Structures are given as C-alpha cells and as structure tokens.
Amino acid sequence: MTAKILSLNVNGRDETILCDGLTTLQEVLRDQLGLLTSVKDGCTQGGCGSCSVLVDGELWLSCLAPVAALAGRAVMTLEGLKQSAGIAAIQQSFIDNSAAQCGFCTPGMILTVKALLDANPEPSHDEILEALSGNLCRCTGYLPIVEAVKDAAARLSGGADAARASEGREG
Amino acid sequence: MAKLRGTGMAAVNYPTGMHLGGDPTMALVHATSSGSFVVTLSSVELGQGLKTVLAQIAAETLGVPLEAVVVDTGDTDTGPHCSGTGASRTTHRAGNAVIAAAKEARQEMLDVAAEMLEVSADDLVTDGKGNIHVKGVVEKSLPAAEVAAAGQFVYGKSISGRGIFLPPASKQDPETGESAPYSTQAHACTVVEVEVDTETGAVRVLSLKSVYEIGRQVNPELVKGQIVGGAWMGIGHALYETTAPYYPAIDHAPYDFLNYVIPGAAEMPEVQCEILEYPSETGPYGAKGVGEMVANAPIPAIVNAINNALDVCIGEIPVTPEVVLRALEEKARADGA
Ligand code: FES
Ligand code: FES
C-alpha cells in the first residue's frame with residue numbers, strides 16, 4: 001500500500017499526516033500528533049466508544065475511521081474542546097455527580113454528551129440512554145453518568161434558574 | 001406467554017485482611033519544604049478512590065487540611081511494600097499503615113513547633129486548618145507549613161514517619177480448628193425484583209435495594225460509587241457475562257466487546273442503598289472494606305428472583321435467555337408428567 005500525505009485540521013490546527021489506506025484516525029491522533037491521549041483505545045473495533053471524537057461536529061469512532069477519507073475535514077478531540085463553555089459545564093456535571101471513577105471511558109462519554117446536547121438540548125431519559133448506548137463504562141454502573149447528562153442539559157439550556165439550582169446543590 | 005415478576009434476596013459477609021502469616025502494607029509520610037505532606041506507598045489507585053481516602057486519613061491524623069496532603073503511590077519499583085490492591089484490603093491495610101506513619105510525622109512536627117514556641121510538645125494541638133497552637137491559647141500559633149520548613153532549614157529535623165500494618169499470624173488451634181483468619185467483616189443484604197419474559201427468556205432487573213454494614217465510611221460519596229458500580233457488575237455476572245462458549249464449540253466463545261455482552265445504561269434498574277456504620281475495632285477510624293462485596297449479593301439475589309418468578313430452580317450463571325427457556329421447558333415436562 002502506498003503512503004499518502006494529506007492535510008487534516010485537528011483541534012483548530014492544520015496538520016500534515018502521513019498515512020496509508022488503512023491508517024485509522026485513532027492511530028494518527030494518539031501516535032502521530034503529539035499524544036492526544038484523551039482518545040482512548042479500548043477495543044479498536046467500534047465496540048466501546050472510548051475513542052470518540054467529533055468530525056465537523058459529528059460524533060465518530062476514530063478507531064473505525066480511515067484517515068485517508070478525512071482529508072480537509074475538521075477533527076476535534078477533548079483536548080481541543082476543553083476550553084469551550086459547553087465542555088466545561090459537562091465536565092463540572094460529571095464531577096458533581098461522581099460520574100467518573102477510573103476515567104478511561106470519560107473523554108468518550110463527554111464527547112458523546114456534547115454531541116447529544118448540541119443536537120438535542122433537552123433530551124428525554126430514553127434519548128440519553130440511547131445516546132450512551134455505544135459507550136461502555138466498567139466502573140460507575142452508568143446511573144451517575146445519566147444524572148450528569150441531565151444536570152449538564154439543565155445547566156446549558158436552563159439559564160439562570162438551572163445555574164442557581166446547581167449552585168444550590170454544590171453548596 | 002407472559003411477563004412474570006419475582007423477588008429474591010441474598011446476603012454476604014465479607015472478610016478483610018488475611019491473618020495467616022503475612023499480609024503487610026507499608027507507608028511513609030514526609031513534609032516537604034513547601035509545607036505539604038507526602039504519603040508514599042505502593043497501593044494502586046484504579047478509580048476506587050484510594051488516593052482520596054488515604055489523603056483524608058493522613059490529613060486527619062496529621063491534623064492538617066486535606067489540601068496539604070499529596071498521595072504518591074502506584075510505583076512498586078520505588079514505593080514501600082504493599083501486599084496488593086485487592087480483596088477489599090487497601091482502605092483497611094494501607095489506612096492503618098498511613099495512620100502509623102502520620103502519627104510519627106506528627107510527633108516530629110509538634111517537637112519542632114515546641115522548640116519554636118518554647119513550650120512542651122504535649123501542650124500543642126493542631127486545628128486541622130493548617131495551624132499548630134498551644135492548647136487553649138490560640139494566639140500562640142504557627143502555621144504547619146512554617147514548622148515544616150523550619151524543621152529542615154533551622155532545626156535539622158526530618159519531619160517524617162514510617163508505618164506498617166501487619167497483624168500477628170493467627171495459628172489454627174490443632175484441637176478445635178479455631179483461628180482468627182481476618183481483621184474485620186463487612187455485611188450486606190440485597191433484595192431484587194425482576195421481570196422475566198417467558199416467551200423470549202429475557203430478564204429485566206426492575207429494582208435492586210441493599211443494606212450495607214461497612215464500618216465507618218471514610219468517604220460516603222465513594223462508598224455510593226462502589227455500591228452502584230457493583231450492582232451493575234452483579235447484573236452483568238448474573239445475566240450476561242461469560243467467557244464460556246454459548247454453544248459447545250470453542251470458536252463460539254465471546255472474544256470482544258461486540259459479543260461478550262455486558263449491561264449498558266438502559267439495563268440499569270433503580271438502585272437504592274442504606275448504610276449502617278458499626279465501626280470496626282481494627283480498621284482506620286473504624287473503616288472496613290467495601291470493594292468486592294458490592295458485586296457479591298446482587299448475583300444470587302437476581303437468580304433467586306428469577307427462580308421465584310418462574311417457580312424453577314436455576315443454579316448457574318449467567319442466566320441467559322437460553323437458560324431461562326430451558327428451565328421453563330424442563331418445568332413444563334415435569335408438570336406434564
Ligand atoms: S476503541 Fe474505538 S470503539 Fe473501542
Ligand atoms: S469510569 Fe472507569 S470505565 Fe467508566
């Protein structure tokens with residue numbers, strides 16, 4: 001297979017990537033681009049969600065994405081999004097609801113929740129379960145994560161009331 | 001064909017610490033020149049909250065704020081010995097070792113403060129906010145961080161301590177067989193409601209309610225995390241997870257996340273737990289161990305609930321739809337005969 005050079009925008013920076021037809025986005029992010037290790041490698045076959053990233057705002061499993069097909073597209077990992085307001089609210093909800101233990105699933109969970117809330121700011125309980133169905137967690141038993149998603153949704157769309165409510169809970 | 005409901009319960013007594021001759025864990029504590037206290041050990045933080053719990057225990061014993069404690073752990077090449085992070089032993093074992101090390105370091109810190117304040121160390125107390133003062137005279141006070149620095153730079157004293165926890169080996173009485181094989185026992189009881197679809201064999205856990213008696217909780221939020229996570233693991237073991245082939249050919253064995261089925265968010269029932277705190281005499285500040293036991297009682301409780309729903313006697317796990325349907329078939333045969 002011949003190697004190919006292509007350009008890819010990762011976390012707002014144009015990067016030049018060396019790849020062949022089978023190189024995955026996950027390999028590029030973790031190994032070529034300065035250790036973007038929020039992108040985990042739980043299975044390398046689409047079964048766990050730990051490698052989730054956003055491609056042009058859409059949720060992708062980077063272990064299943066041949067990077068050769070992504071020329072010119074914009075990829076965001078948690079590293080690139082961590083300064084954004086939405087991510088800060090989701091992270092705080094995860095912290096306040098004890099929704100992380102070992103943390104291995106957490107970056108993928110947070111990006112999954114970001115993609116969900118971007119598309120659907122007030123998801124129902126069932127819509128949350130549906131959105132989380134591709135992300136495995138071996139530690140928390142999911143209930144705290146579901147609570148964190150509801151909390152994040154309230155913080156992000158509920159305005160001042162929700163913010164007051166969540167401050168009350170923290171206090 | 002119907003959806004049948006059933007209730008089941010199971011209980012667990014969970015022993016912590018083996019007394020059969022060697023189950024030690026060590027810890028070292030030292031003050032840095034910036035006034036933080038470093039706890040060094042080899043037990044492993046894997047998300048259960050070990051570093052938080054041990055920092056709390058060290059802070060409590062030293063009499064300094066939680067933020068002043070740094071737990072440096074997990075490197076068995078360089079850290080003092082730990083017999084292993086498992087068997088729900090670490091809060092108990094490492095916690096006791098940390099208390100011993102922190103007590104020694106605290107004494108050293110008070111000795112330096114005594115010289116600085118020109119009083120007896122016996123008259124000094126800590127306020128838990130980072131200050132050391134003379135009992136009853138709050139104005140005669142020094143920040144612990146200043147004492148830590150002065151210990152090194154002025155008094156030539158290493159404010160540090162060593163700790164190990166190793167209870168004496170318990171020999172079995174040759175006549176009676178009696179021994180004291182463990183340090184403490186935690187207890188729990190779980191009650192589960194299930195619904196079984198007799199057409200598909202699928203089982204749904206509707207609710208999972210437990211009472212835990214685990215000694216004093218060092219950190220109730222972490223305890224809750226263990227219990228909810230363990231409930232989920234119990235459901236996995238009871239209903240889904242096995243590495244055995246589904247059919248008697250090894251190439252049908254599950255080998256990845258796509259066919260080794262574990263429960264997801266949608267399979268989680270309502271989980272409730274009540275905590276009883278009967279302090280352990282041997283545990284750090286009365287703690288026992290709440291680790292492995294959280295996945296124990298849910299498994300037989302779920303199987304008992306299924307048996308109760310179907311009036312059958314399944315005695316294997318996981319209770320997959322196939323196991324349910326075979327049990328129903330067998331029951332129909334027996335009832336017909
Ligand atoms: S590593 Fe991509 S889904 Fe598991
Ligand atoms: S927190 Fe450990 S896998 Fe989710």
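Conventions used here
Residues numbered from 1 in each chain as written. Chains lettered and ligands numbered in written order. Predicted model: local features only at pLDDT ≥ 70, side-chain atom pairs only at ≥ 80, totals over all residues. Heavy atoms only, no water. Core = buried A, V, L, I, M, F, W, Y, C linked by side-chain atoms within 4.5 Å. Buried < 20%, exposed > 50% of the residue type's maximum accessible area, 1.4 Å probe, protein only. Helix = DSSP H or I, 4+ residues; strand = E, 2+ residues; numbered from the N terminus. Contact = heavy atoms within 4.5 Å. Expected span 1.5 Å × (residues − 1). Buried area = accessible area lost by both parts, 1.4 Å probe. Salt bridge = Lys/Arg side-chain N within 4 Å of Asp/Glu carboxyl O. Polar contact = N/O pair within 3.5 Å; in protein donor to acceptor, adjacent residues only side chain to side chain. Nonpolar A, V, L, I, M, F, W, Y, C, P; charged D, E, K, R; others polar. Phe/Tyr/Trp six-rings, centres within 6.5 Å; stacked < 30°, edge-to-face > 60°. Domains from an automatic or database assignment. Arc of directions from axis to C-beta.

Caption draft 1: Inspection of the nonpolar core at higher detail. Judged by nonpolar contacts, the single largest core of 63 residues is most densely connected at A:F94, A:L132, B:V194, B:L239, B:I302 and B:I306. Among the elements that make up this core, the one with the highest residue count is helix α5 (residues 298-310) of chain B (8 residues). Residue contacts for A:F94: discarding those within four places in its chain leaves A:A99, A:A100, A:T106, A:M109, A:I110, A:V113, A:I145 and A:A148. Membership of the second largest hydrophobic core comes to 40 residues, among which are B:L54, B:A55, B:V71 and B:V98.

Caption draft 2: Quick peek at helix α1 (residues 50-62) of chain B. With 13 residues, α1(B) extends 18 Å between its outermost C-alpha atoms, agreeing within 8% with the 18 Å of an ideal straight helix rising 1.5 Å per residue. Those residues of α1(B) that fall on the buried side of the exposure criterion are B:L50, B:V53, B:L54, B:A55, B:I57, B:A58, B:A59, B:T61 and B:L62.

Caption draft 3: Just the environment of B:V154, in detail. Residues and elements named next belong to chain B. By the secondary structure assignment, V154 is in the loop between α3 (144-153) and β8 (160-165). Classification of V154 by relative accessible area gives exposed; the value is 59%. Once the C-alpha coordinates of V154 and Y260 are considered, the two residues, 106 residues apart in sequence, prove to be 62 Å apart.

Caption draft 4: Representation of the interface of chain B and chain A within the structure. On the side of chain A, 21 residues touch chain B, which itself brings 22 residues to the contact. Taking both partners together, chain B and chain A bury about 1,600 Å²; carbon and sulfur atoms supply 63% of that area. The largest contributions to the chain B side of the interface with chain A come from B:W232, B:F257 and B:A265, which together make up 33% of the buried area. Inspection of the chain B/chain A interface yields 1 salt bridge. Residue A:R138 is joined to B:E241 by a salt bridge in which the shortest nitrogen-to-oxygen separation is 2.7 Å. Across the contact surface, chain B and chain A share 4 residue pairs in polar contact (both at pLDDT 80 or more). At 7 residues, the largest contribution of residues to the side of chain B that touches chain A is made by helix α4 (residues 220-240) of chain B. Among the residues forming the side of chain B that touches chain A, the class breakdown is 14 nonpolar, 5 polar and 3 charged.

Caption draft 5: Representation of the packing of aromatic side chains. Under the definition given, this model contains 1 aromatic pair over all chains. Summarising the aromatic geometry, the rings of A:Y142 and B:W232 are spaced 5.9 Å apart at their centres and angled 70° between planes, so their arrangement reads as edge-to-face. Of this pair, A:Y142 sits in the loop between α5 (125-132) and α6 (143-157) while B:W232 sits in helix α4, on two different chains. Of the two residues, A:Y142 and B:W232, both sit in the buried class.

Caption draft 6: How the structure looks around the pattern of salt bridges. Under the definition given, this model contains 15 salt bridges over all chains. We note a salt bridge from B:R89 to B:D23, for which the minimum N-O separation is 2.8 Å. Here B:D23 lies in the loop between β1 (3-18) and β2 (25-31) and B:R89 lies in the loop between β4 (69-73) and α2 (90-117), a separation of 66 residues in the sequence. With a relative accessible area of 3%, B:D23 lands in the buried category. Here B:R93 ties to B:D23 by a salt bridge, and the two come within 3.5 Å at their closest N and O atoms. Pair noted here: B:R93 is in helix α2 and B:D23 is in the loop between β1 and β2, with a separation of 70 residues, a long-range link. Among the charged side chains, a network of salt bridges with common partners joins A:D96, A:D151 and A:R155.

Caption draft 7: Spotlight on the domain arrangement of chain A. All names here are of chain A. According to the domain assignment, chain A consists of domain 1 (4-80) and domain 2 (85-165). In this assembly, 15 residues from domain 1 lie in contact with 13 residues from domain 2. Carbon and sulfur atoms make up 74% of the surface buried where domain 1 meets domain 2, a total of about 1,100 Å² over both sides. For the pair domain 1 and domain 2, the number of links is 0 salt bridges.

Caption draft 8: Just helix α6 (residues 321-336) of chain B, in detail. Residue and element names in this part refer to chain B. Taking 1.5 Å as the rise per residue, α6 with 16 residues should run 22 Å; its terminal C-alpha atoms sit 22 Å apart, in good agreement. Within α6 the residues assigned to the buried category are V323, V324, A327 and L328. Along the axis of α6, the buried residues cluster in a sector spanning 135°; they form a single face. Turned more than 90 degrees away from the buried face of α6, the exposed residues are R326, E330, R333 and G336. Close packing links the buried residues of α6 with β9 (182-197), β10 (203-213) and α5.

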